[in-house]
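# Results of the structural survey
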Amino acid sequence: GAVSGILGVLFALAQHDLKRLLAYHSVENIGIITIGLGVGLLGVNMNSPTLAVLGFAGGLLHVVNHAVFKGLLFLGAGTVLRSTGTGHIDLLGGIIKRMPWTGLTFLIGSMAISGLPPLNGFVSEFLIYLGAFKAGLTGGPEAVISALIVIGGLALIGGLALACFTKAFGVVFLGHPRSSHAEQAQEGGWGMKSSLVILAAFCILLGVLSPLVVKSAANVVSEITSLPLEQVRTELATVSTVLTHVVVASLILLGAVVFSIIVRKRLLSVRCVRQAVTWDCGYAGPDSRMQYTATSFAQPLTDLFRLFLRTRKSISPPKGVFPGESILDTETADICEKYVYQPVFKWISSALSRLRWLQHGRLQVYVLYIALTLWILLIWKLM
């Protein structure tokens, strides 16, 4: 689970296509779900009801949460693709001004998948964290090692996911349009917008109402762990109390931010506000090419993990006093696809090609094949 989660988010960081980036985040979240189930099995093995309940509840809740926020993000990416005609991140930019509903709901989904409170993605990961800390404090050496893997893996996954969606949202929706694709962006119809809003609302409600949502998992967790239902409810009630404090603190902080925005707006409404171009380092004519690209934003992290990513770079550097066009192109191939699946499929194709002599286009011989097969089956049945 930890390996899937970390590699999934690392390969997501290196992607240029928005939907491919989200697909790799599915690998990451399946890893988180597997981590949760692993913590639950560790609790069963250690005869620790608290650990078993927290692990299985966190893993199963993350299945639901992932369905909600990943559905939201894929629908948002589909809306962007339909509106602009491209999913290439580096060809987009600034489209939140043209697609505010899509931009806002995509931001909510990005925060949820990054595990930020009080949204739903935080809740399930929080349960798994609690289970890992419980294992580290109460278990033996094996449990401590497992707990360290879980805590370190989840922390790394969460940090990289936050960086990845900062890149995705920032490059796609903020700044200036990088191409004509972004300039022609338009908001989708009410059918598209309502789908996004409903799923974004679920991301918020599942997080804000998490104390109640966690308690509702008691029956399923009890059946999986074979623990008495009342004991499971007691364990989940304790967690719900902690979650209540987290949700209340998050809502207070969010309320303070909203209050500050309102106060600032009212104070500025009675003053003359002057607008000017942002300081641009002395450039007389800044354009969209001076913005961060998705590649340059993620480069410090992708270079740090280049041993796993194996990113291929194609560089045509600027030359001369007045350089012309320069190009930097990066491509990160999937290591499992390149080094596992492709060689295996190539070997299978090569092996099966040796049987090509059986396929020669004569219908009567094909009928003979069928008759021989039926004859062999009949003999095998009678033996």
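Residues numbered from 1 in each chain as written. Predicted model: local features only at pLDDT ≥ 70, side-chain atom pairs only at ≥ 80, totals over all residues. Heavy atoms only, no water.

### So, the overall build of the protein chain
Which entries qualify depends on this criterion: For helices the rule is a DSSP run of H or I covering at least 4 residues; for strands it is a run of E covering at least 2, with both sets numbered from the N terminus onward. C-alpha atoms define the radius of gyration in this analysis, and the globule rule sets the expected value at 2.2 Å times the number of residues to the power 0.38. In what follows, a contact means two residues having at least one pair of non-hydrogen atoms within 4.5 Å. Areas reported here follow the Shrake-Rupley algorithm with a probe of radius 1.4 Å; residue values treat only the protein chains shown as occluding.
Per the secondary structure count, the protein chain includes 15 helices and two strands. Relative to its length of 383 residues, the protein chain is extended, with a C-alpha radius of gyration of 27 Å against a globular reference of 21 Å. With respect to the principal axes defined by its C-alpha atoms, the protein chain has extents near 100 × 70 × 45 Å. Counting only contacts in the protein chain whose residues sit at least 6 apart along the sequence, the fraction spanning at least 24 positions is 74%. Total accessible area computed for the protein chain in this model is approximately 22400 Å², and 67% of it derives from carbon and sulfur atoms.

### Remarks on the state of the cysteines
Keep this limit in mind: The rule for a disulfide is simple: a pair of cysteine sulfur atoms within 2.5 Å. In this scheme, a residue with accessible area under 20% of its type's maximum is buried, one over 50% is exposed, and one in between is partly exposed, where area comes from a 1.4 Å probe on protein chains only.
Under the criterion given, the structure shown has zero disulfides. Free cysteine Cys336: the closest other cysteine sulfur is in Cys164, separated by 18 Å. Using a relative accessible area of 37% as the deciding quantity, one classes Cys336 as partly exposed.

### Things to note about the packing of aromatic side chains
This is how the line gets drawn: Between 30 and 60 degrees the pair is tilted, below 30 it is stacked and above 60 it is edge-to-face, where a pair is any two Phe, Tyr or Trp rings, Trp via its six-membered ring, whose centres lie within 6.5 Å.
As enumerated under the stated definition, the model contains eight aromatic pairs in all. Where Phe106 meets Phe173, the ring centres are 5.3 Å apart and the plane angle is 40 degrees; that geometry is what we call tilted. Pair noted here: Phe106 is in helix H4 (residues 100-113) and Phe173 is in helix H6 (residues 141-173), with a separation of 67 residues, a long-range link. The residues Phe106 and Phe173 share a single accessibility class, namely buried. Ring centres of Tyr341 and Phe345 lie 6.3 Å apart, and the angle between their planes is 20 degrees; on these two criteria the pair is classed as stacked. Note that Tyr341 and Phe345 are positioned in helix H14 (residues 335-353) at a spacing of four residues, about one turn of the helix. Residue classification places Tyr341 among the partly exposed residues on the basis of a relative accessible area of 46%.

### What to know about the pattern of salt bridges
Test applied: Basic side-chain nitrogens of Lys or Arg form a salt bridge, by our definition, when they fall within 4 Å of a carboxyl oxygen of Asp or Glu.
With the rule as written, the count across this model stands at four salt bridges. Put simply, Arg312 and Asp329 hold a salt bridge, and the shortest N to O gap is 3.8 Å. Of this pair, Arg312 sits in strand E1 (residues 312-316) while Asp329 sits in strand E2 (residues 327-331), placing them 17 residues apart in sequence. Judged by its relative accessible area of 40%, Arg312 is partly exposed. Taking the shortest distance from any N to any O, the salt bridge between Glu331 and Arg312 comes out at 2.9 Å.

### Brief notes about the nonpolar core
Heads up, the rule is: Only buried residues count toward a nonpolar core. Its members are Ala, Val, Leu, Ile, Met, Phe, Trp, Tyr and Cys residues joined through side-chain atoms within 4.5 Å.
With 57 residues, the main nonpolar core has Leu21, Ile35 and Ile95 as its most contacted residues. The set of elements that each furnish at least two residues to this core consists of helix H1 (2-13), helix H2 (18-45), helix H3 (49-84), H4, helix H5 (120-138), H6, helix H8 (190-208) and helix H12 (294-304). The dominant element in this core, judged by the number of residues it contributes, is H6, at 13 residues. Setting aside chain neighbours within four positions, we find Ile35 in contact with Gly1, Ala2, Ile128, Val150, Leu154 and Ile157. Judged by nonpolar contacts, the second largest core, of 17 residues, contains Leu127, Ala217, Leu227 and Leu236.

### What about the packing of H2 against H6?
If you want to describe how two helices pack, look at the angle between their axes and the distance between the axes. As a reminder, the rule being used: Only C-alpha atoms enter the line fits that serve as axes; for helices the fit covers just the stretch in contact. Angles between N-to-C directions range over 0 to 180 degrees. Any angle that falls under 35 degrees is termed roughly parallel, while one over 145 is termed roughly antiparallel, one within 65 to 115 roughly perpendicular, and all others oblique. In this scheme, a crossing is called left-handed if the near helix is turned counterclockwise away from the far one by less than a right angle; it is called right-handed if the turn is clockwise. Polarity classes work like this: nonpolar for Ala, Val, Leu, Ile, Met, Phe, Trp, Tyr, Cys and Pro, charged for Asp, Glu, Lys and Arg, and polar for all others, with Gly in that last group.
At a minimum axis distance of 11 Å, the contact between H2 and H6 shows a crossing angle of 160 degrees. If you check the angle between H2 and H6, you find them roughly antiparallel. Crossing handedness for the pair H2 and H6: left-handed. Residue-level inspection shows Leu18, Leu21, Leu22, His25, Glu28, Ile32, Ile35, Val39 and Leu42 of H2 in contact with H6, the latter providing Ser146, Val150, Leu154, Ile157, Ala161, Cys164, Phe165, Lys167, Ala168 and Val172. For the contact of H2 with H6, the residue count by class is 15 nonpolar, two polar and two charged.

### Details of unusual backbone geometry
A cis geometry characterises the amide bond from Pro117 onward to Pro118, with omega recorded as 5 degrees. With respect to the secondary-structure elements, Pro118 resides in the loop between H4 and H5. Of note in the backbone geometry, Asn47 takes a positive phi value of approximately 55 degrees without being a glycine. Tracing the chain through its elements places Asn47 in the loop between H2 and H3. In this structure, Arg310 is a non-glycine residue whose phi angle is positive, near 55 degrees.

### Describing the packing of H5 against helix H11 (residues 229-269)
Contact pair H5 / H11: the axes reach a minimum separation of 12 Å and the direction vectors enclose 125 degrees. Here H5 lies oblique to H11, going by the angle between them. By crossing handedness, the relation of H5 to H11 is classed as right-handed. Listed contacts from H11 to Phe122, Val123, Phe126, Leu127 and Leu130 of H5 are Val239, Val242, Leu243 and Val246.

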